[in-house]
Amino acid sequence: MKNYLQLFTILSLVCCSAVSSQEDSGITFHESHEEKKRSAPFSDVVEAGNLFFLAGQIGMDHTTRTMVAPGIKTETEQAIKNIQAVLEHHGLSLNNVVKCTVILSTMDDFSAFNEVYSKYFTKKPARTTFAASGLARNAKVEIDVIAVKN
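Residues numbered from 1 in each chain as written. Predicted model: local features only at pLDDT ≥ 70, side-chain atom pairs only at ≥ 80, totals over all residues. Heavy atoms only, no water.

A few words now on helix H2 (residues 72–89). For H2, which comprises 18 residues, the first-to-last C-alpha distance of 26 Å matches the rise-based estimate of 26 Å (1.5 Å per residue) to within 8%. Here H2 has its buried residues at Ile72, Glu75, Thr76, Gln78, Ala79, Ile80, Asn82, Ile83, Val86 and Leu87. Within two residues after H2, Gly91 carries a phi angle of roughly 75°, on the positive side. (Helix = DSSP H or I, 4+ residues; strand = E, 2+ residues; numbered from the N terminus. Expected span 1.5 Å × (residues − 1). Buried < 20%, exposed > 50% of the residue type's maximum accessible area, 1.4 Å probe, protein only.)

Below is the structure:
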């Protein structure tokens, strides 16, 4: 019985230590600043130290929960405005962005996308761009970013 009690005590300490280390890991899964998005199965932002990983944004007007007028330029502009809103909620701006991942529905939109993108991302963060079919809500573009808080 004494051996079982010792084993139980050791296992309990190990489990508590593991849970404690996860809680103190410095990773925060932020709830969305938008009420209607709080039930989504993902976080808008995950903060790890001074890094902020934002979920992808599409050309949806979050006030109406509808897509903006279809087209690569209007959707890109709205996606970037959505990114700005999330960043601002966390005391950041587009100038804090160090990496972008861009998914286009077709590479035919690459030049038109760049026209809008380059107006906002003047610091020229690192970027990966590719095309994929079947973006959420039939979007023409989705953008996610990584930002650093100084």
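Still more ground to cover, so stick around.
Across the sheet, which stays open at both edges, the six strands sit in the order S1-S2-S3-S8-S6-S7 with mixed pairing between neighbours. The sheet is open, and its two edges are formed by strand S1 (27–30) and strand S7 (126–131), each paired on a single side. Averaged over all adjacent pairs, the angle separating strand axes in this sheet is 15°, with direction ignored. Where strand S6 (residues 97–104) and strand S8 (residues 141–148) come together, seven bridges link them in antiparallel fashion. Across the sheet, residue Val97 finds its bridge partner in S8, namely Ala147. In the packing of H2 onto the sheet, the strands contacted are strand S2 (45–48), strand S3 (51–54), S6 and S8, and the crossing angle to S8 comes to about 30°. The sheet strands contacting helix H3 (residues 110–120) are S6, S7 and S8, and the helix crosses S7 at an angle near 150°. (Pairing = 2+ DSSP bridges. Axes fitted to C-alpha atoms, helices over the stretch in contact; angles between N-to-C directions. Contact = heavy atoms within 4.5 Å.)

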